[in-house]
Amino acid sequence: MELGVIGLGRMGAGISRRLMREGHRCVVYDQAEATVQQLAGDGATATTGLQDMVGKLSKPRVVWVMLPSGKITEDTITALDGMLERGDIVIDGGNSFYKDDIRRAKALRERGIVYVDVGTSGGVWGLERGFCMMIGGEKESVAHIDPILKALAPGEGTIDKTPKRDGRDPRPEQGYLHCGPAGAGHFVKMVHNGIEYGIMQAYAEGFDILKNKDSHELPEDERFTLDMADIAEVWRRGSVISSWLLDLTSEALAENVSLSNFTGDVSDSGEGRWTIEAAIEEAVAVPVLSTSLFARFRSRQVHTFGEKLLSAMRFKFGGHVEPKA
């Protein structure tokens, strides 16, 4: 299948390369010409702009926008609206706000252009591990792009099958799900990221307790000097709190147990805030998720070992770099 990809950052480049490995044709564009040429060296068709890309795609065109949420995505989709034709499909694979998806889908539908939102999880590891995807859009259009989604997804892998799933949609077992109409995919991904904040905060706070067990404020016979890297490693093996995030935590601590290469200034990319807003609209209590977001705000004033661990996890799974002082 043929796909246009706009935005060749950490995930956009990985998406393009994974699709080409599976025999799909990628027509690519990024404002950084050197990045476009790198992908062209791997077999992609290079373009010099949106109009050039549209002209090089076969009809019905499918264009995947993989850009940061906000103005750049909005402007790109608006520009594509004036270039694409009836029956073409625009996919927003970034972390857009789900209400923006609903609005965009309605606007594009007036011209016969189809909008699909794909919440994409996998970070910098998606090229090798595959991308977990949560999709919103019309059933027929999602079915049309299924070959792309299937190629990007991780597949069943070695994970045990969940009992009693007979007769259910097989796609979740492959790592992708059609969640509902436009906006549903990014809504599910938004809550996924909110949960991610909570899990990461729990690890960070737990390791902060372990790290400070040798505090001079404690009675001398109650002080323990604990090895953070070894604790993370042992918890990976048979523990009920083992996870990929813990795998990355163990890796970061093995590399630098003091995490002195991180300040602990932890950013938030927006989805955590939107998750809390949705909870308020629905009158759902989310004390863990809201506290984990507020802890990131506080991290920008005072830094703890736990917040350095949060920064380390964010760098490991997504290549997120701390803001410069």
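Described in the following lines is the structure provided in the data block. All figures in this text were calculated on a predicted structure; none of them were measured in a lab. (Residues numbered from 1 in each chain as written. Predicted model: local features only at pLDDT ≥ 70, side-chain atom pairs only at ≥ 80, totals over all residues. Heavy atoms only, no water.)

A closer look at the overall build of the protein chain
In step 1: Along its length, the protein chain carries 15 helices and eight strands.
In step 2: For the protein chain, the C-alpha radius of gyration of 22 Å lies close to 20 Å, the compact-globule estimate for 325 residues.
In step 3: Each principal axis of the C-alpha atoms in the protein chain carries an extent, and together these give about 75 × 45 × 40 Å.
In step 4: Burial status across the protein chain gives 49% buried among its 325 residues.
In step 5: Considering only contacts in the protein chain between residues 6 or more positions apart, those separated by 24 or more positions represent 68%.
In step 6: Just so you have it, the protein chain exposes about 16200 Å², and 54% of that area is on carbon and sulfur atoms.
In step 7: The protein chain carries 38 positive and 47 negative side-chain charges, and their two centres are separated by 4 Å. (Helix = DSSP H or I, 4+ residues; strand = E, 2+ residues; numbered from the N terminus. Rg over C-alpha atoms; globule rule 2.2 N^0.38 Å. Buried < 20%, exposed > 50% of the residue type's maximum accessible area, 1.4 Å probe, protein only. Contact = heavy atoms within 4.5 Å. Areas by Shrake-Rupley, 256 points an atom, 1.4 Å probe, with all protein chains shown as cover. Lys, Arg positive; Asp, Glu negative; His and termini not counted. Charge placed at Lys NZ, Arg CZ, Asp CG, Glu CD.)

Here we look at the pattern of salt bridges
In step 1: If you walk through the whole model with that rule in mind, you get 28 salt bridges.
In step 2: Asp81 is paired through a salt bridge with Arg111; the nearest N and O atoms lie 2.9 Å apart. Residue Asp81 is found in helix α4 (residues 71-81), and its partner Arg111 is found in the loop between α5 (98-109) and β6 (114-121); the two are separated by 30 residues along the sequence.
In step 3: The salt bridge involving Asp100 is made with Arg103; its shortest N-O contact spans 3.2 Å. You can see Asp100 and its partner Arg103 sitting in helix α5, three residues apart, about one turn around the helix.
In step 4: A residue is classified by how much of its surface remains accessible, and Asp100, at 25% relative accessible area, is partly exposed.
In step 5: Owing to a relative accessible area of 39%, Arg103 belongs among the partly exposed residues under this scheme.
In step 6: When salt bridges with common partners are traced through the structure, they connect Glu74, Asp92, Asp100, Asp101, Arg103 and Arg104 into a single cluster. (Salt bridge = Lys/Arg side-chain N within 4 Å of Asp/Glu carboxyl O.)

Some remarks on the sheet that holds strand β2 (residues 25-29)
In step 1: Spatially, eight strands are ordered β3-β2-β1-β4-β5-β6-β7-β8 in an open sheet, and the strand pairing comes out mixed. At either end of the open sheet lies a strand with only one pairing partner, and these are β3 (45-46) and β8 (176-180).
In step 2: The pairing of β6 with strand β7 (residues 132-136) spans five bridges and is antiparallel. Paired with Asp117 across the bridge in β7 is Gly136. (Pairing = 2+ DSSP bridges.)

Quick look at helix α14 (residues 287-299)
In step 1: Over its 13 residues, α14 runs 18 Å from end to end, which matches the ideal 18 Å to within 8%, given 1.5 Å per residue.
In step 2: Listed in full, the buried residues belonging to α14 are Leu289, Ser290, Ser292, Leu293, Ala295, Arg296 and Ser299.
In step 3: Check the buried side of α14 and you find it contacts α10 (184-211), α13 (271-282) and α15 (305-318). (Expected span 1.5 Å × (residues − 1).)

Concerning the nonpolar core
In step 1: Core analysis: the largest hydrophobic core is formed by 32 residues, its most contacted members being Trp64, Ile91, Val116 and Met133.
In step 2: If you tally residues by element for this core, the top one is helix α1 (residues 10-21), at five residues.
In step 3: In terms of nonpolar packing, the next biggest core, distinct from the first, is built from 23 residues, Met200, Met228, Ala229 and Phe317 among them. (Core = buried A, V, L, I, M, F, W, Y, C linked by side-chain atoms within 4.5 Å.)

Focus: the state of the cysteines
In step 1: Tallied over the full model, the rule gives zero disulfides.
In step 2: Left unpaired, Cys26 is separated from the closest cysteine sulfur, that of Cys132, by 20 Å.
In step 3: The thiol of Cys132 is unpaired, and the distance to the nearest cysteine sulfur, on Cys179, comes to 8.9 Å.
In step 4: We classify Cys132 as partly exposed; its relative accessible area is 34%. (Disulfide = S-S within 2.5 Å.)

Some words on empty space enclosed by the protein
In step 1: Scanning the entire structure with this criterion turns up one cavity of 30 Å³ or more.
In step 2: Here the lining of the largest cavity is composed, by residue class, of two nonpolar, three polar and three charged. (1 Å grid on protein atoms, 1.4 Å probe; cavity = no way out; pocket = protein on both sides within 12 Å on 5 of 7 lines; lining within 4 Å. Points joined across faces, edges and corners; volume = space filled by probe spheres on them. Nonpolar A, V, L, I, M, F, W, Y, C, P; charged D, E, K, R; others polar.)

As for unusual backbone geometry
In step 1: Residue Lys59 is joined to Pro60 through a cis peptide bond whose omega torsion reads -10 degrees.
In step 2: Within the fold, Pro60 resides in the loop between α3 (50-56) and β4 (62-65).
In step 3: Positive phi values are uncommon outside glycine, yet Leu259 reaches one of about 55 degrees.
In step 4: Along the chain, Leu259 falls in the loop between α12 (244-255) and α13.
In step 5: In this structure Leu259 comes out as buried when scored by relative accessible area, which is 0%.
In step 6: The residue Ala283 is not glycine, and still its phi comes out positive at about 60 degrees.
In step 7: Among the residues examined, Ala283 registers a relative accessible area of 70% and is labelled exposed.

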